[in-house]
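Residues per chain are reported as follows:
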Amino acid sequence: MGAYASTDLLDQDPSTLEDYDVEYIQPTAVYNDTSRELVDLLVRYLQSRAYPYSVDRVVKSGSFGKGTQIRGHADLDCVAVLNIFKSVHDRINHGPQILGHLADMLKTQRWVVRGSVTNNDYIILFKMYQNGVTMDVDLLPTFEVLGHNPPNYRKKQIYRVMLDLSGHVGSYYSVPLCQLQLDFVRLQPSRVKTLIRLVKYWRKMEVEKHAQPSLRYPNSYAMELITIHVWEKAEASRPRRIKLVEAFKSVLTQLVNYKSLHAEWYKNYSEVLANEACDRLGFTRPIVLDPANPTNNMMDVFHKEAWDHLASIAAKSMRRPLLKDVVIPAYW
């Protein structure tokens, strides 16, 4: 390892991709340990402060919580369940004041990057720094919806409520469902997470570099779900060993052909409920239904022009040295 003519991912020889992944993409143990210390620091701070309210529970999601972070680019979605929010209406009515107070408190902390804290009525964004590691944080105060390890009937009740609510009010239920998103990705096999990191690294190096500022591009979670979908299709054919470079090209091929996507998972809701949600909400292909939330088609969250641009970047990427001669087996 280390003797690379170019450090550009797409300039690598296909036979070296596994080594390249270890040297440039996978986070080091030191990086992971420092990231974990930063997250623990934030959680302890949130749970120990003498607010006029308390933090009942913290869900640590984002790439850090899911185990899909790439070297040098960990992010954290920190969902804080506050006891002051007894309902969605409490969250809507009192949220702006609470988020403003939390943002002001965070600005005083030495481990928060100066000038990085911004907030609106929905979220607080900031950066943490310690021992050479910077982490982007989305702090999302919310109300309790499901609790820990909710039974299926409780999930079904909440999904029914969400289907009947207006878009504005219903959107506030998405954050409390973060635990289900976290579990879905976190419990994927390690080989799938390796592929997810590779796809996210490509997204950062190729897509973000050429992104148009006016467009909203697919986020990490959308990339994770599409990658899992592609992997599961291949796994159904039970190949003996899935090569990383073949898997990577298969994901990019799917991104080029994104308009044909139809992915649903029935871990947290039934196929019947998924079909009802698609019918009532008018979802048509492409569909990638959030496994934690049947009212959320991930393909509709981002601009169509952004999907088109991403598809064109994927097509160009497949003509580069890493992928141009790679033949995708039939099971993909």
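For the structure itself, look to the data block above.
Residues numbered from 1 in each chain as written. Predicted model: local features only at pLDDT ≥ 70, side-chain atom pairs only at ≥ 80, totals over all residues. Heavy atoms only, no water.

A. Inspection of the layout of surface pockets at higher detail. Here the second largest pocket is characterised by a volume of approximately 160 Å³. Around the second largest pocket sit R57, V58, V59, K60, G65, H148, Q179, L182, D183 and R186, which together line it. Elements supplying a minimum of two residues to the lining of the second largest pocket: β1 (55-61) and α7 (178-186). Here the residues of the lining of the second largest pocket sort into three nonpolar, three polar and four charged. (1 Å grid on protein atoms, 1.4 Å probe; cavity = no way out; pocket = protein on both sides within 12 Å on 5 of 7 lines; lining within 4 Å. Points joined across faces, edges and corners; volume = space filled by probe spheres on them. Helix = DSSP H or I, 4+ residues; strand = E, 2+ residues; numbered from the N terminus. Nonpolar A, V, L, I, M, F, W, Y, C, P; charged D, E, K, R; others polar.)

B. Spotlight on the pairing of strand β4 (residues 124-130). Of the two faces of β4, the one lined by I124, F126, M128 and Q130 is fully buried and the one lined by L125, K127 and Y129 carries no buried residue. As judged from the two bridges shared by strand β3 (residues 118-119) and β4, these two strands associate in the antiparallel manner. Paired with N119 across the two strands is I124, which belongs to β4. Once β3 ends, the chain turns through four residues before running back antiparallel as β4. As judged from the seven bridges shared by β4 and strand β5 (residues 133-142), these two strands associate in the antiparallel manner. The partner of Q130 across the bridge, within β5, is V133. (Buried < 20%, exposed > 50% of the residue type's maximum accessible area, 1.4 Å probe, protein only. Pairing = 2+ DSSP bridges.)

C. Highlighting α7. Counting buried positions over the nine residues of α7 gives eight, a clear majority of the element. The set of residues buried in α7 consists of C178, Q179, L180, Q181, L182, D183, F184 and V185. Next to the buried residues of α7 lie β1, α3 (62-66), β2 (75-82), α5 (152-164), α8 (190-210) and α9 (220-235). (Contact = heavy atoms within 4.5 Å.)

D. The arrangement of unusual backbone geometry in detail. Cis geometry is found at the peptide bond from R285 to P286, where omega equals 5°. Of note, N131 is a non-glycine position whose phi angle comes to about 50°, a positive value. By the secondary structure assignment, N131 is in the loop between β4 and β5. On the accessibility criterion, N131 (61% relative accessible area) is exposed.

E. Inspection of the sheet that holds β2 at higher detail. In spatial order, the strands read β1-β2-β5-β4-β3; together these five strands make up an open sheet with mixed pairing. Each edge of the open sheet is held by one strand with a lone partner, namely β1 and β3. Bridge count for β2 against β5 is seven bridges, and the pairing is parallel. When the bridges of β5 are listed, C78 appears paired with L139. Running over the sheet, helix α2 (residues 29-48) touches β1, β2, β4 and β5 and is turned about 35° from β5. (Axes fitted to C-alpha atoms, helices over the stretch in contact; angles between N-to-C directions.)

F. Quick look at the nonpolar core. Judged by nonpolar contacts, the single largest core of 56 residues is most densely connected at L42, L46, L106, I124, F126 and M135. Among the elements that make up this core, the one with the highest residue count is α2 (eight residues). Beyond its immediate stretch of four places on either side in the chain, L106 contacts L42, Y45, W111, V112, I124, F126 and L139. Membership of the second largest hydrophobic core comes to 53 residues, among which are F184, L195, M299 and A306. (Core = buried A, V, L, I, M, F, W, Y, C linked by side-chain atoms within 4.5 Å.)

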